[in-house]
Amino acid sequence: MSDSAVTMVVTEPRGPLRPSVAETASPSGRSVRVAVAASGVCHADIATAAATGAGTFFPVTPGHEAAGVVAELGDDVEGWAVGDRVVVGWFGGSCGHCALCRSGDVVHCPGRKVPGLSYPGGWAQTITVPADALARVPDGLGLFDAAPFGCAGVTTFNAVRKAGVRAGGRVAVFGLGGLGHLAVQFAAELGYETIAVARGDDREKLAGDLGAHHYIDSTVQAPGAALKNLGGADLIVHTASCTDPVEELLTGLNVHGQLTLVGVDAGSVTVPAARLVMNAHTLTGHLTGSPRETEEAMRFAVTNGVRPMIERMPLKRAADAVTRLRAGTARFRIVLDTTDID
């Protein structure tokens, strides 16, 4: 191909994100080239953009929430056609033959690929990925709304629906950011009594608009104790990036309750063993979802009106997007517009 595309790259550890123009290459084998329209900015991209991880190869192009249109197919690709609308998320392909893959758990494949880490990511006008990384975008969902479903959407959808909470149970969402604002919507639309926990009283109305039945301001009261006063939670979905509050949050769980970590940092979690045993609590982690589950999350969103709250920013302002995300001022998912490169 003779076409060229703009790609945001980092060329040295902690170096700046800069636009680069390169010729596009046709995919081979079971790979697919996607013309990217929209690409989300996730908290995990902060580390990717820093380009300091072990085994980092330069140049680095971050981005694992890319939505666009299939532009070219490798010779061995079946089931996809040029023009298909697709999303590529945190799951960027797997080996296909290990025990986990063969059982359908491709997300935990030891050879799993991640866009931006395993190969150039989606902060670009084009991305080439394994065909098994593609999720089909349903009618009724625009590409800018679809992009965050590749990571934030499928992660929170799965965290809520896979917890096995009884019908009509009580679900609390800790944190009301890029993950949390979607988790609240999913919990409410799945029929659970939903409690949003966030910092400050300025988010109470927003929480209600998203479907929350109750709001807890964690700057005013200890959230675990407040949850207990509301009758206790059957599930707490922890979406904040800091794990310090986890120990106190566990006091707000009902007997047989579960706390699911989807937002984490490099810290550790302290769990009082006696309380864990006496109340049959479960503390677990959850990592993203497969392309099939991403499609299920998007279809559910179309049917039930779940949408991410997004801010569009030009592709070339990716560095500004990272700065805003690091400062906690994004409301609530920044999505880069690859057509806006001036």
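Values in this document were obtained by computation on a predicted structure and should not be read as measured data. (Residues numbered from 1 in each chain as written. Predicted model: local features only at pLDDT ≥ 70, side-chain atom pairs only at ≥ 80, totals over all residues. Heavy atoms only, no water.)

Q: An account of the layout of surface pockets is needed here, citing residue identities and associated values.
A: Computed from the structure, the largest pocket encloses a volume of approximately 1100 Å³. Residue lining of the largest pocket: 41 residues in total, with His-43, Leu-179, Thr-239, Ala-240 and Ser-241 positioned closest to the centre. For the lining of the largest pocket, the elements supplying multiple residues, two or more each, are strand 9 (193–198) and helix 11 (318–327). Among the elements that line the lining of the largest pocket, the one with the most residues is helix 11, at three residues. Of the residues in the lining of the largest pocket, the class split is 20 nonpolar, 15 polar and six charged. Of the voids in this model, the second largest pocket is the one considered here, and its volume is about 600 Å³. Along the walls of the second largest pocket sit 31 residues, with Pro-59, Thr-61, Tyr-119, Pro-120 and Gly-121 positioned nearest its centre. For the lining of the second largest pocket, the secondary-structure elements that each account for two or more residues are strand 1 (4–9), strand 2 (18–23), helix 1 (44–50) and strand 6 (126–130). Class assignment of the residues belonging to the lining of the second largest pocket gives a composition of 15 nonpolar, 14 polar and two charged. (1 Å grid on protein atoms, 1.4 Å probe; cavity = no way out; pocket = protein on both sides within 12 Å on 5 of 7 lines; lining within 4 Å. Points joined across faces, edges and corners; volume = space filled by probe spheres on them. Helix = DSSP H or I, 4+ residues; strand = E, 2+ residues; numbered from the N terminus. Nonpolar A, V, L, I, M, F, W, Y, C, P; charged D, E, K, R; others polar.)

Q: Could you give an account of the packing of aromatic side chains, with specific residues and numbers?
A: Per the stated rule, a full pass over the model turns up four aromatic pairs. Here the aromatic rings of Phe-157 and Phe-186 are separated by 5.0 Å at their centres, their planes lie at 55°, and the arrangement is tilted. With Phe-157 in helix 4 (residues 152–161) and Phe-186 in helix 5 (residues 180–189), this pair connects stretches of sequence that are 29 residues apart. Summarising the aromatic geometry, the rings of Phe-157 and Phe-300 are spaced 5.2 Å apart at their centres and angled 40° between planes, so their arrangement reads as tilted. Taken together, the residues Phe-157 in helix 4 and Phe-300 in helix 10 (residues 291–304) connect sequence positions 143 residues apart. Residue Phe-157 is classed as buried on the basis of its relative accessible area of 4%. You can call Phe-300 buried: its relative accessible area is 17%. Grouped by ring-pair contacts, the aromatic residues Phe-149, Phe-157, Phe-186 and Phe-300 constitute a single cluster. If you follow Arg-312 out to its NZ or CZ, it ends over the ring of Phe-144, 3.6 Å from the centre. (Phe/Tyr/Trp six-rings, centres within 6.5 Å; stacked < 30°, edge-to-face > 60°. Buried < 20%, exposed > 50% of the residue type's maximum accessible area, 1.4 Å probe, protein only. Lys NZ or Arg CZ within 6 Å of the ring centre and 35° of its normal.)

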